[in-house]
Amino acid sequence: MSDALISGLAGAGGGIIAQLITYPLQTVNTRQQTDRNSKKMKQTLGSIEQICQVVKQEGWDGLYGGLTPSLIGTAASQGVYYYFYQIFRNRAETDALERKKKGIGDGSVGMFSSLLVAALSGCVNVLLTNPIWVVVTRMQTHTRKDKDNHTKPVTSQDAISAVVEPPPYGTSYTIQEVYGEAGVWGFWNGVFPTLFMVSNPSIQFMLYETLLKKIRKRRASSNKGANDVTALEIFLLGAVAKLGATVVTYPLLVIKSRLQAKQDVGGDKRHHYKGTLDAIVKILRYEGFHGFCKGMSTKIVQSVLAAAVLFMVKEELVRGARWLLTGRSATSVRLKPH
């Protein structure tokens with residue numbers, strides 16, 4: 001089994017576990033991002049308070065709306081990303097060694113090359129999995145009020161008690177709704193800001209690789225001679241890297257969520273976005289710069305926790321897979337940076 005396939009499967013497994021742990025925070029954060037209220041509330045509820053409010057008003061289903069397609073999307077996204085990341089990374093390492101033979105560089109992959117590898121992997125991931133996240137965003141932002149309107153019975157004038165209820169707002173119905181509104185291209189709503197969002201994992205992995213390399217170099221130069229990194233250290237490195245990337249790219253995430261959520265067609269024009277540029281202009285005009293930061297604190301907690309769990313679980317799964325395939329102890333296998 002190739003390193004790329006092992007890395008892809010481990011990334012998918014780690015992503016699923018991280019998603020299950022942090023999904024309620026993700027749902028609340030998506031609703032915060034798509035809140036188009038131009039006036040700041042006098043008292044803003046915290047993430048935990050909002051979670052309790054959703055449970056009280058909509059039940060636990062409200063927190064886990066779109067969980068099934070989200071898990072599929074997470075597995076697909078992480079699998080695709082890590083698979084192509086490892087392929088591009090292997091190529092970058094090969095090129096670095098070839099340059100070293102020519103007397104250029106020290107044979108290691110530089111910061112710029114790591115950034116490029118992560119960006120290319122992210123672009124491939126976005127183009128392949130964007131339809132899944134459009135469906136997930138729709139389901140996460142489908143509130144109790146929307147459900148009441150959605151399931152309101154329609155009484156026929158030709159029949160005394162003929163009551164027709166639309167199907168539940170599940171995955172299949174959401175897919176039909178998106179297709180009915182914009183056709184096939186509707187599943188790629190928000191793809192442009194999402195492509196720009198590849199800078200998030202690029203920055204994240206650049207920070208992660210840099211910190212990981214420094215730790216291993218310090219371990220290698222010590223008398224202990226051990227350069228293996230513990231699960232706890234991987235957890236902390238993943239958290240720090242994701243924190244930096246999230247703060248820098250958060251406005252793009254707000255724009256993406258606004259475009260992927262259900263548009264208020266025929267209603268308030270402030271709530272209907274024709275595209276990325278239109279969304280930026282309207283958010284600035286009606287909400288100010290504050291609109292680009294809605295839910296940032298929730299996102300930081302959710303994304304940092306998810307990334308830390310993902311990195312930790314992924315590295316452990318890679319070690320386990322290589323131990324099963326080679327028969328060597330997990331500690332004796334030197335892991336390449338991912």
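Numbering of residues starts from 1 in each chain and follows the order in which that chain's sequence is written. Totals for whole chains, interfaces and linings use all residues, but because this is a predicted model, local features are given only for residues with pLDDT of at least 70 and pairs of side-chain atoms are given and counted only at 80 or more. Derived side-chain values reflect all non-hydrogen atoms in the structure, with water molecules and hydrogen atoms excluded from consideration.

Caption draft 1: Structural context of the overall build of the protein. When helices and strands are counted, the protein shows 11 helices and 2 strands. Under the DSSP-based scheme used, a helix requires at least four consecutive residues in state H or I and a strand at least two consecutive residues in state E, with every element numbered from the N terminus. Starting at the N terminus, the α and β elements of the protein follow one another as α-α-α-α-α-β-β-α-α-α-α-α-α. Sorting the 338 residues of the protein into buried and exposed places 44% on the buried side. Exposure is judged per residue with a 1.4 Å probe applied to protein chains only, and the accessible area is read against the type maximum: over 50% gives exposed, under 20% gives buried, and values in between give partly exposed.

Caption draft 2: Here's a closer look at the packing of aromatic side chains. Classification of ring pairs uses Phe, Tyr and Trp, with its six-membered ring standing for Trp, and accepts pairs whose centres are within 6.5 Å; under 30 degrees between planes counts as stacked, over 60 as edge-to-face, and the remaining range as tilted. Evaluated as defined, the whole model comprises 5 aromatic pairs. For the pair Phe 84 and Phe 88, a centre-to-centre distance of 6.2 Å together with 35° between the ring planes defines the contact as tilted. Taken together, the residues Phe 84 and Phe 88, both in helix H3 (residues 67–101) and 4 residues apart, mark about one turn of the helix. Here Phe 88 falls in the partly exposed class, since its relative accessible area comes to 26%.

Caption draft 3: The arrangement of the packing of H3 against helix H4 (residues 111–140) in detail. Relative to each other, H3 and H4 sit at 170°, their axes nearing to 8 Å. Classified by the angle their axes make, H3 and H4 are roughly antiparallel. Split by residue class, the contact of H3 with H4 holds 18 nonpolar, 9 polar and 1 charged. Fitted lines through C-alpha atoms serve as axes, helices being fitted only where they are in contact, and the angles separating the N-to-C directions of these axes extend from 0 to 180 degrees. Relative orientations are named as follows: roughly parallel for angles under 35 degrees, roughly antiparallel for angles over 145 degrees, roughly perpendicular for angles from 65 to 115 degrees, and oblique for any other angle. Throughout this entry, Asp, Glu, Lys and Arg are counted as charged residues, while Ala, Val, Leu, Ile, Met, Phe, Trp, Tyr, Cys and Pro are counted as nonpolar. The remaining residues, Gly among them, count as polar.

Caption draft 4: Quick look at the pattern of salt bridges. Whenever a carboxyl oxygen of Asp or Glu lies within 4 Å of a side-chain nitrogen of Lys or Arg, that contact is scored as a salt bridge. Here the structure, examined in full by the defined rule, presents 8 salt bridges. Across the pair Asp 95 and Arg 91 runs a salt bridge, and its minimum N-O distance is 3.4 Å. Residue Asp 95 and its partner Arg 91 are both found in helix H3; the two are separated by 4 residues, about one turn of the helix. Given the relative accessible area of 25%, Asp 95 is considered partly exposed. Looking at Arg 91, the relative accessible area reads 57%, which means it is exposed. Ionic pairing is found between Glu 287 and Lys 294, a salt bridge with its closest N-O pair at 2.9 Å. Take Glu 287 and Lys 294: they sit in the same class, and that class is buried. Residues joined by salt bridges that share partners form a network here, namely Arg 138, Glu 177 and Glu 181.

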